[in-house]
Amino acid sequence: MMISIFVLGVGALFFAVAGILTSDLVHSLAPYSLFLLISLALSLTLGFVLFRGQLRLKRALGRSYRKQRQLNASTRTDALTGLPNRTAFMRALEKALARSLQVGQSATVVLINLDRFKSVNDTYGHSAGDDVLLETARRLGAFKEANTTLARLGDDEFALLLENDGDVMAERIARRLLECLAAPVPIATGFVRLGATVGLATSNEGADTAETLLRAADVALREAKRHARGTVRAFEAGVDQALEDRRVLELDLRRAIATGEIVPYYQPLIALNGDRLIGFEVLARWQHPKHGIIPPASFIPLAEESGRIGEMFEMLLARACADARNWPSDLRLSVNISPIQFAERYMAARILAILAQANFPPSRLELEITESSLVNEVSSARDILNTLRGAGVSVALDDFGTGYSSLRHLSDLPVDRLKIDRDFVASAQRNEEDWRLIRAIVQLAGAFNLATTAEGIEAPEILSTLRELGCDIGQGYLFGRPVSAEQTSLWLQQRPVLHALAS
């Protein structure tokens, strides 16, 4: 419509001008003057309308451009910390590798992962977790210089890109970084102490891409976490394949847990005063379809590192409770629990829920905790164990004497029994002097009104000496090896006396 009016106005103006030029000025001006004015007015109006439309269009395009810039920025920036995200970091790494190739220097990726961050979220909430991440970003910002890029790659993982610093300088920076992150972090309810683990990888004469270099740093980080958290580890050739094999085993373990290949085996617990069977220790075994029975030492650490130990424990406990319902009601179960599980906020509630669902009395369950692994979890362990003991579950301190803070644990943790480590018993079989240590442990337990269990009893003379020392419970091959639930049920049906087990 507006274009039509414009065309008409231009046409009218053309004819008016033509009439003026081909007629006498005075005579031609009179008949065309009104038409000329109308045409000019329409043209000016139309021009104003078009100008205003162009202005609106320009403003709309400007707003769209600004929104697009904001959107592009958000796709490159972490929303919480304001740091570059993984996408931006990878672009920076690609450019750094290109520059390093041109000048013959190197680029190093320093990958930082916070330790025990999940426990902060579980214990104090996600708001406290956000405070930790913001404080971590602030501290790491002190290491950002002209030739560095700092980014948050996701969750509690950060990365620092160093250019032209070399392996030695990168490792020094990484160690300073660990010291910085080891300091307590303020949250709304006080302070938390986390620390971090670092893996680093340096480019090698143009042989690396951004993806391969970041993956190498990740391999180094996983190796560091596997051996000792709170350390720095550089990438080493050959480790990658070992970790790939481990990743395959981890996937296999996940499948095994889901399909029920991890099963409980049972080893008898015998009261030494009267040779009476009082229950069984539950020991995990992996019934692998290709490799046969796999012992726990081969997969328990992997389950802990991969975060699947809690799932596996709950599955074993539920299955053991179901098995024990068919056995005499005076027999109890003793189940090992990983220290990692004490970081889980609702662990006690989940254990009690499993017992309730299985209609298994809490008084028939004993949990075994390893003292040497509780150094960083004593506080949370105390609260969880108090809840469980209040419900009737008993607690044994396993491998007693192998840690460096045994007396503190005896006073801090609510325990009912000490388990004398099998290494002490084995050593006593070779050296009479080592009986003094076992005697001291039994006497210490008596001073704290605790019972004692000796593991690794394999000879009658060892059994006799332990009885003389006053040890309460025995466990070992002399009484029976760990066997499946079916074999245990069969033995319970057939045993007239304890000696049937030893035979």
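The preceding data block contains the structure.
In this text the structure is predicted, and so the values were computed from the model without any measurement.

Draft legend 1. Seen up close, the overall build of the chain. Helix and strand counts for the chain come out as 18 helices and 16 strands. In the chain, buried positions account for 44% of the 503 residues. Of the contacts formed within the chain by residues at least 6 apart in sequence, a portion of 67% connects residues at least 24 apart. Accessible surface computed for the chain: about 26400 Å², of which carbon and sulfur atoms make up 54%.

Draft legend 2. Quick peek at the side chain of Ser338. Following the sequence through the fold, Ser338 ends up in the loop between β11 (332–336) and α11 (347–358). Only 2.8 Å separates the side chain of Ser338 from the side chain of Glu304, close enough to count as a polar contact. Leaving out residues up to four positions away in the same chain, Ser338 has contacts with Glu304 and Ile309.

Draft legend 3. Expanded view of the packing of aromatic side chains. Counted under the stated rule, the structure contains five aromatic pairs. Aromatic side chains Phe280 and Trp491 sit 6.4 Å apart centroid to centroid with 85° between the ring planes, which places their arrangement in the edge-to-face category. Of the two residues, Phe280 is situated in strand β9 (residues 276–288) and Trp491 in helix α17 (residues 485–494); the sequence distance between them amounts to 211 residues. Here the two residues Phe280 and Trp491 agree in accessibility, since each one is buried. With 5.8 Å between their ring centres and 85° between their planes, Trp286 and Phe299 make a pair best called edge-to-face. Of this pair, Trp286 sits in strand β9 while Phe299 sits in the loop between β10 (292–294) and α9 (300–305), and the two are 13 residues apart along the sequence. Here the two residues Trp286 and Phe299 agree in accessibility, since each one is buried. One aromatic cluster is present, formed by Tyr266, Phe280, Trp327 and Trp491 through successive ring pairs. Its end group placed over the ring of Tyr477, Arg481 keeps NZ or CZ at 3.8 Å from the ring centre.

Draft legend 4. The arrangement of the packing of helix α10 (residues 309–324) against α11 in detail. Interaxial distance between α10 and α11 falls to 9 Å at its minimum, and their mutual angle equals 25°. Taken as axis vectors, α10 and α11 run roughly parallel relative to one another. Crossing of α10 against α11: the hand is right-handed. Across from Phe313, Glu314, Leu317, Ala318 and Cys321 in α10, the residues of α11 making contact are Arg350, Ile351, Ile354, Leu355 and Ala358. Split by residue class, the contact of α10 with α11 holds eight nonpolar, no polar and two charged.

Draft legend 5. Structural detail: the sheet that holds strand β3 (residues 157–163). If you trace the five strands from one edge of the open sheet to the other, you get β2-β3-β1-β6-β7, paired in mixed fashion. Lying at the two open borders of the sheet, with one neighbouring strand each, are β2 (148–154) and β7 (232–234). Here the average twist between neighbouring strands, direction ignored, is 20°. Bridge count for β2 against β3 is six bridges, and the pairing is antiparallel. Following the sheet pairing, Leu150 is matched in β3 by Leu160. This element, helix α3 (residues 86–103), spans β1 (107–114), β2 and β3 of the sheet and lies at about 20° to β3.

Draft legend 6. Examining the pattern of salt bridges more closely. What the rule picks out here adds up to 23 salt bridges. A salt bridge links Arg350 to Glu344; its shortest N-O distance comes to 2.3 Å. Since its relative accessible area comes to 30%, Arg350 is described here as partly exposed. The partner of Asp416 in a salt bridge is Arg389, and the shortest N-O contact between them spans 2.7 Å. On the criterion of sequence distance, the pair formed by Asp416 in the loop between α13 (406–412) and β14 (417–420) and Arg389 in helix α12 (residues 378–391) is long-range, its members being 27 residues apart.

Draft legend 7. Representation of the environment of Arg116 in the model. With respect to the helices, strands and loops of the structure, Arg116 is situated in the loop between β1 and α4 (117–124). The class of Arg116 is partly exposed, set by a relative accessible area of 35%. As for Arg116 and Arg193, which are separated by 77 residues in sequence, their C-alpha atoms are 8.7 Å apart. At 2.6 Å, the side chain of Arg116 and the backbone oxygen of Leu194 are in polar contact.

Draft legend 8. Inspection of the nonpolar core at higher detail. Leu333, Ile351, Leu365, Ile438 and Leu466 are the most contacted members of the largest nonpolar core, which has 62 residues in total. Tallying contributions element by element places α11 first for this core, with six residues. Formed by 30 residues, the second largest nonpolar core is a distinct cluster that contains Leu83, Leu133, Leu177 and Leu181.

Draft legend 9. Looking closely at helix α15 (residues 435–447). An ideal rise of 1.5 Å per residue puts 18 Å on 13 residues; α15 measures up with 18 Å between its terminal C-alpha atoms. Those residues of α15 lying buried are Trp435, Ile438, Ile441, Val442 and Ala445. Buried residues of α15, seen end-on, are gathered within an arc of 125° and therefore sit on one face of the element. Opposite the packed face of α15, turned more than 90 degrees from it, sit the exposed residues Arg436, Gln443 and Ala447.

Reading the values: rules and limits
Residues numbered from 1 in each chain as written. Predicted model: local features only at pLDDT ≥ 70, side-chain atom pairs only at ≥ 80, totals over all residues. Heavy atoms only, no water. Helix = DSSP H or I, 4+ residues; strand = E, 2+ residues; numbered from the N terminus. Buried < 20%, exposed > 50% of the residue type's maximum accessible area, 1.4 Å probe, protein only. Contact = heavy atoms within 4.5 Å. Areas by Shrake-Rupley, 256 points an atom, 1.4 Å probe, with all protein chains shown as cover. Polar contact = N/O pair within 3.5 Å; in protein donor to acceptor, adjacent residues only side chain to side chain. Phe/Tyr/Trp six-rings, centres within 6.5 Å; stacked < 30°, edge-to-face > 60°. Lys NZ or Arg CZ within 6 Å of the ring centre and 35° of its normal. Axes fitted to C-alpha atoms, helices over the stretch in contact; angles between N-to-C directions. Parallel < 35°, antiparallel > 145°, perpendicular 65-115°, else oblique. Left-handed = near helix turned anticlockwise from the far one by under 90°. Nonpolar A, V, L, I, M, F, W, Y, C, P; charged D, E, K, R; others polar. Pairing = 2+ DSSP bridges. Salt bridge = Lys/Arg side-chain N within 4 Å of Asp/Glu carboxyl O. Core = buried A, V, L, I, M, F, W, Y, C linked by side-chain atoms within 4.5 Å. Expected span 1.5 Å × (residues − 1). Arc of directions from axis to C-beta.

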